[in-house]
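Residues per chain are reported as follows:
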Amino acid sequence: MSGAASVERVKDRATGLDKFVLREARGSSVEVYLYGGQVTLWKNNFGQQLLFVSNKATFKPPKAIRGGIQICFPQLGNHGVLEQHGFARNRFWSVDESPPPFPVATSNCHIDLILKSSQEDLKIWPHSYEFRLRVALSPSGDLMLTSRIKNISSDSKPFQFTFAYHTYFSVSDISEVRVEGLETLDYLDNLQSKNRCTEQGDAVVFESEVDKVYLSAPPKIVVIDHEKKRTFVLRKEGLPDVVVWNPWDKKAKAMPDFGDEEYKNMLCVGAGAIEKPITLKPGEEWIGKQEISAVPSSYSSGQLDPELIRRMHTI
C-alpha cells in the first residue's frame, strides 16, 4: 500500500459484524461490511459522511442494512420473482483472496469481496455464479465500485439478472436538491405500475414520493445539493439505467427501519441494469461499474462551477 493509505479488517463493536475500513492519505475513508458486501460509510477529507444510513437501520441478518450502497442482485425491487432487491444484500460475502486481473487499473486502496451461489440460494434461483466486488477509494476521495458477475454453470444454460447499486446519498434538504442528466429521458414509474413516461423538467426535483427507473441514461449524472453547496458526480459503465427514490413522509412512517423525518435528508440515485436484463451464457462475465465523487458547487442560472466541470472531465 503506497503512502499512508490503509485497509483494515475490524469487528464493529456495536453490531458484532466484520467490516473493512479503507483510509486514504488525505483523510477520506470508506467502510464496507462483509454482510451484504455493503458500503455504509464514505467520508471526504474533512470527515463528513456523504452517504445516508438510517438511525433506525438494523444490522441484524437477515434484514438488509437501510442505507449506504446496497448491492441489488439478481433483481432490483420487484422486477422479478425473488424477494425485494434480490438476495445479495443480505448474504455474508467473503474476502476474494485471488481476484483476477482487472481490465482497468483501480486505486491501491481497495478490498475485493466475492459471493458464490449457496445451496440455499440455488433453491430460489437455480443458477451457479461468482459475483466479485471491488470497492476502491481513490487518493482524491472518489468511491469506485466494480462488480464482475460470471456464469459458472456446468450445463449449457444461460441465466438472466437485473442489478443496481442502490445508493443512498446524504443531503441537507430534499426540497433543495436537483438531479441533472436525466432530463428528456423515458422512465418507468414504480408508483404507477411501471408505467413508461418521459421526464418533462429541465432537472429532477422533489416535492413528493419518487420511485423511478430512468432508461438509457448518460454515463454522467449530477446530484446538486444547494444548501451544502455540494455536488455528487455519478459516473457509470455497463449500467444503462438510473434508479431515483425517495419515500417521502407517508412511506417513511410505514418503514420500521427508517425515521419518520429522515426522508428529508436522503436521496437514492444509483446506476443499474433493469429494463433489459443481462444474459450470461456459461463462462461469460459481465462488468458493471459506478464511480461517485463529491465536489464543491454553486448553482446560479444553471451554471455549474468551473471546479465541477473540470472534475467531470478528468474523473
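Analysis parameters
Residues numbered from 1 in each chain as written. Predicted model: local features only at pLDDT ≥ 70, side-chain atom pairs only at ≥ 80, totals over all residues. Heavy atoms only, no water. UniProt positions renumbered as here; feature names shortened; annotations may be inferred. Core = buried A, V, L, I, M, F, W, Y, C linked by side-chain atoms within 4.5 Å. Buried < 20%, exposed > 50% of the residue type's maximum accessible area, 1.4 Å probe, protein only. Helix = DSSP H or I, 4+ residues; strand = E, 2+ residues; numbered from the N terminus. Pairing = 2+ DSSP bridges. Polar contact = N/O pair within 3.5 Å; in protein donor to acceptor, adjacent residues only side chain to side chain. Phe/Tyr/Trp six-rings, centres within 6.5 Å; stacked < 30°, edge-to-face > 60°. pLDDT = per-residue confidence, 0-100. Contact = heavy atoms within 4.5 Å.

Within an unreviewed UniProt entry, the label attached to the protein chain reads glucose-6-phosphate 1-epimerase, and the organism entered is Miscanthus lutarioriparius. The UniProt entry for the protein chain carries the following text under Catalytic activity (unreviewed entry): "alpha-D-glucose 6-phosphate = beta-D-glucose 6-phosphate". Annotation of the protein chain in UniProt includes, under Sequence similarities (unreviewed entry), the sentence "Belongs to the glucose-6-phosphate 1-epimerase family."

Novice: What should I look at first to understand the nonpolar core in this one?
Specialist: Generally speaking, nonpolar side chains in soluble globular proteins are found buried as a group. With 73 residues, the main nonpolar core has Trp-42, Phe-131, Phe-161, Phe-163, Leu-182, Phe-206 and Leu-267 as its most contacted residues. When residues in this core are grouped by element, the largest group, eight residues, is from strand β19 (residues 266-280). Formed by eight residues, the second largest nonpolar core is a distinct cluster that contains Cys-72, Ala-164, Leu-188 and Leu-215.

Novice: What exactly am I supposed to notice about the sheet that holds strand β6 (residues 94-95) here?
Specialist: Working definition: the strands of a sheet are paired by backbone hydrogen bonds and lie parallel or antiparallel to each other. Spatial ordering of the open sheet is given by β6-β7-β8-β9-β20-β17-β16-β11-β14, a layout of nine strands whose pairing is antiparallel. Sheet topology places β6 and β14 (204-205) at the edges, where each strand pairs with a single neighbour. Pairing between strand β8 (residues 129-137) and strand β9 (residues 143-151): nine bridges, direction antiparallel. Residue pairing in the sheet places Leu-137 in a bridge with Leu-143 of β9.

Novice: Can you help me understand unusual backbone geometry in this one?
Specialist: Peptide bonds are trans in most cases, and residues, glycine excluded, mostly fall at negative phi. Backbone torsion omega between Pro-61 and Pro-62 reads 10°, so that peptide bond is classified as cis. Turning to its location among the elements, Pro-62 is positioned in the loop between β4 (38-43) and β5 (69-72). Residue Pro-74 follows Phe-73 across a cis peptide bond; omega there is 0°. Take Pro-74: it is sitting in the loop between β5 and β6. With phi around 60°, Lys-194 is a residue other than glycine that occupies positive phi space. Structurally, Lys-194 is set in the loop between β12 (186-189) and β13 (195-198). Taking the relative accessible area as the measure of exposure, Lys-194 reaches 31% and is therefore partly exposed.

Novice: What is the right way to look at the side chain of Asp-12 in this model?
Specialist: Considering the arrangement of structural elements, one finds Asp-12 in the loop between β1 (6-11) and β2 (18-23). At 3.3 Å, the side chain of Asp-12 and the side chain of Tyr-33 are in polar contact.

Novice: Honestly, the packing of aromatic side chains in this entry has me stumped. Any pointers?
Specialist: For any pair of aromatic rings, geometry is given as the distance between the ring centres together with the angle between the planes. Applying the stated rule across the entire model yields 24 aromatic pairs. Taking the centre distance of 5.1 Å and the plane angle of 65° together, the rings of Trp-125 and Phe-159 count as edge-to-face. Taken together, the positions of Trp-125 in the loop between α1 (119-124) and β8 and Phe-159 in strand β10 (residues 159-170) put the pair 34 residues apart, joining distant regions of the chain. Since its relative accessible area comes to 8%, Trp-125 is described here as buried. Ring pairing ties together the aromatic residues Phe-73, Phe-87, Trp-93, Trp-125, Tyr-129, Phe-131, Phe-159, Phe-161, Phe-163, Tyr-165 and Trp-286, which thus form one cluster.

Novice: Explanation requested: the confidence of the model for the protein chain in the structure shown.
Specialist: Detail in the predicted coordinates should be disregarded across regions flagged by low pLDDT. On average, residues of the protein chain score 92 in pLDDT, and 91% of them are at 70 or above. A low-confidence stretch, residues 299-303 stays under pLDDT 50, and its non-local contacts, those more than four residues away or across chains, total six contacts.

Novice: Just checking my understanding: could you explain the side chain of Gln-290 for this structure?
Specialist: Mapped onto the fold, Gln-290 is located in strand β20 (residues 285-296). Under the relative-accessibility criterion, Gln-290 is labelled buried at 0%. At 3.0 Å, the side chain of Gln-290 forms a polar contact with the side chain of Thr-167. Here Ala-271 takes part through its backbone nitrogen, which lies 2.9 Å from a polar atom of the side chain of Gln-290. Once residues lying within four places of it in the same chain are set aside, the contact partners of Gln-290 are Leu-143, Met-144, Leu-145, Tyr-165, Thr-167, Leu-234, Arg-235, Gly-270 and Ala-271.

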